[in-house]
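# Fold and geometry: a report
One-letter residues, chain by chain:
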Amino acid sequence: MKKIRIAGAGPSGLTAAINLAKAGYEVEVFEKATDVGKHLKGGLQGLENWSDKKDIVDELREMNLGINFDLDPFYNFSVSNGRKSWDFEADPGTPAFYLVKRGSVPGSLDYGLKEQALQSGVNIRFQEKAPLEEMDIIATGPVKNEVFIAAKGIAFDTSMDDMAIAFVDDRAAYLGYSYLLVTNGSGCMCTVLFDRFNNVGNCLENTKRIFSEMVELDIQNPRPDGGIGSFSLGCQFESNGQLYVGEVAGLQDMVWGFGMRSAMRSGYLAARSIIHGEDYEKAATECFRNKLKASLVNRYIWERFGARNYSMIFDALKGTRSPPKYMQSFHNFNYLQRLAYPFAIRKMRDRYPELRL
């Protein structure tokens, strides 16, 4: 059976590796860092549960992934713009999102996937830069000349109660949002910008000040955290026999940057295409194309109708019976988005000329 070589040991690359190894393939993963998740410091990230009817826990199991990492469900979260606050609650039994740790720390998603890969027989070759022309699957993360999002913050230990708070104001996060997440003694505070990245340091200081006025902070052992994200509508899923997964393929959520679910799904689809002889390009296009279009329209709406500090958007969301179900519709290219798309794509191409839109 053919040996499969994968560049990158992030969630998409390891998901592909686990599935291939379980199917009997000999799998090598090349990772230039000394461990998985080295650019992350144990910060918390949201694994969204609103873009699909299927709960993400069931989807992980469907993708042959075990839950050997911290996965904390959140049903409640709040949003503020400094003038007004909105409290949201998901339907009983259906979390709005799950919080996971990221980085080279016990309990993280990265460590959990690494352990599953090693137990499945995957050979992870750390501190080895992959010869890309020899790789079967490319999972190398964000494309640096197609970056549309930048995040900077701190991960920390804390005695604070569990919470999830977002703050929307351009002083704290230009065209984006800041967040404060706490679960089981771990916390993360971050600013997420969609432009003016050179101002990320000032935005983080404003974020710290704003959250210190909202809640009583307890920050212990702070570590720097953050990252970048890239997006493309002109996704390259396959080229010269090589399969592209995760952000290197262009997969990301353009409105808020929740991309882990798509990354792992793409790794799973790539593995299936090899195992079962399926057309990965076709499967990935069918799975992601409309979600990416919806994401672009949502980014346009966010920037166009975010006037008066985003009150209009969150008032509309608060007015629905079930915000997560409402958000599900707006992540799957509904009728209204299809009508808005021709106008939104023209505006977003002008707005983001560096992206393949």
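Small disclaimer: the values here were computed from a predicted structure and weren't measured.

Another point: the side chain of Ser80. Relative to the helices and strands, Ser80 resides in strand S5 (residues 76–80). At a separation of 3.0 Å, a polar atom in the side chain of Ser80 contacts the main-chain amide nitrogen of Gly82. Not counting residues up to four positions away in its chain, the partners in contact with Ser80 are Ser85, Trp86, Ala166, Phe167, Val168 and Met214.

Summed over the entire model, instances satisfying the criterion amount to 25 salt bridges. In this structure, the salt-bridge partner of Glu28 is Lys3, at a minimum N-O distance of 3.9 Å. Separated by 25 residues along the polypeptide, Glu28 in strand S2 (residues 26–31) and Lys3 in strand S1 (residues 3–7) bring together distant segments of the chain. Classification of Glu28 as buried rests on a relative accessible area of 8%. Measuring nitrogen to oxygen at the nearest pair gives 2.9 Å for the salt bridge that ties Arg102 to Asp110. The pair formed by Arg102 and Asp110 is uniform in burial state, with each residue classed as buried. Here the salt bridges do not stand alone but share partners, grouping Lys3, Arg5, Glu26, Glu28, Arg125, Glu128 and Glu134 into one network.

Now for the sheet that holds strand S3 (residues 41–48). In any sheet, the strands associate via hydrogen bonds between backbone groups, in a parallel or an antiparallel arrangement. Here three strands make up an open sheet; going across it, the order is S3-S7-S4 and the pairing antiparallel. In this open sheet, the two edge strands, each paired with only one partner strand, are S3 and strand S4 (72–74). On average, each strand axis in the sheet is inclined to that of its neighbour by 35 degrees, with strand direction left out of account.

Right, let's talk about the packing of aromatic side chains for a bit. Here the distance between the centres and the angle between the planes together describe a pair of aromatic rings. For the structure on display, the rule yields 18 aromatic pairs. When the centroid spacing of 5.0 Å and the interplanar angle of 75 degrees are considered together, the rings of Trp50 and Phe258 count as edge-to-face. You can see Trp50 sitting in the loop between S3 and helix H2 (56–62) and its partner Phe258 sitting in the loop between strand S16 (242–244) and helix H5 (260–276), a full 208 residues away along the chain. These aromatic residues form a ring-pair network of at least three members: Trp50, Phe74, Phe77, Trp86, Phe88, Phe97, Trp256, Phe258, Trp302, Tyr310 and Phe314. The lysine or arginine in question, Arg304, covers the ring of Phe305, its NZ or CZ lying 5.1 Å from the ring centre. Taking NZ or CZ as reference, Lys318 lies 5.6 Å from the ring centre of Phe88, over its face.

Another point: helix H6 (residues 280–304). For H6, built from 25 residues, the straight-helix expectation of 36 Å at 1.5 Å per residue is met to within 8% by its first-to-last C-alpha distance of 35 Å. Remark: the principal bend of H6, roughly 40 degrees, maps to Phe288. Capping of H6 at its N-terminal end is provided by Asp279; its side-chain oxygen lies 3.1 Å from the backbone amide nitrogen of Glu281.

We now examine the sheet that holds strand S10 (residues 147–157). The seven strands lie next to each other as S6-S5-S11-S12-S13-S10-S14, forming an open sheet whose pairing is mixed. Two strands in the sheet have a free side with no partner beyond their single neighbour: strand S6 (85–89) and strand S14 (220–230). On average, each strand axis in the sheet is tilted by 15 degrees relative to the strand beside it, whichever way the strands run. The sheet contact formed by S10 and strand S13 (residues 186–193) spans eight bridges and is antiparallel. Bridged to Asp157 within S13 is Ser186.

Of all the five residues making up S5, four are buried; the element is thus mostly covered by neighbouring parts of the structure. In terms of strand pairing, S5 meets S6 through five bridges, oriented antiparallel. Bridged to Phe77 within S6 is Phe88. Connecting the antiparallel pair S5 and S6 is a turn made up of four residues, with Gly82 showing a positive phi of about 90 degrees. As judged from the three bridges shared by S5 and strand S11 (residues 163–167), these two strands associate in the parallel manner. Across the sheet, residue Val79 finds its bridge partner in S11, namely Ala166.

Here the phi dihedral of Asn64 falls at roughly 65 degrees; this positive angle occurs in a residue that is not glycine. Relative to the helices and strands, Asn64 resides in the loop between H2 and S4. Despite not being glycine, Gln127 has its phi angle at roughly 60 degrees, a positive value. Counting through the fold element by element, Gln127 comes out in the loop between strand S8 (123–126) and strand S9 (137–138).

Rules of the game
Residues numbered from 1 in each chain as written. Predicted model: local features only at pLDDT ≥ 70, side-chain atom pairs only at ≥ 80, totals over all residues. Heavy atoms only, no water. Helix = DSSP H or I, 4+ residues; strand = E, 2+ residues; numbered from the N terminus. Polar contact = N/O pair within 3.5 Å; in protein donor to acceptor, adjacent residues only side chain to side chain. Contact = heavy atoms within 4.5 Å. Salt bridge = Lys/Arg side-chain N within 4 Å of Asp/Glu carboxyl O. Buried < 20%, exposed > 50% of the residue type's maximum accessible area, 1.4 Å probe, protein only. Pairing = 2+ DSSP bridges. Axes fitted to C-alpha atoms, helices over the stretch in contact; angles between N-to-C directions. Phe/Tyr/Trp six-rings, centres within 6.5 Å; stacked < 30°, edge-to-face > 60°. Lys NZ or Arg CZ within 6 Å of the ring centre and 35° of its normal. Expected span 1.5 Å × (residues − 1). Bend = angle between axes of the 7 residues up to and from the residue.

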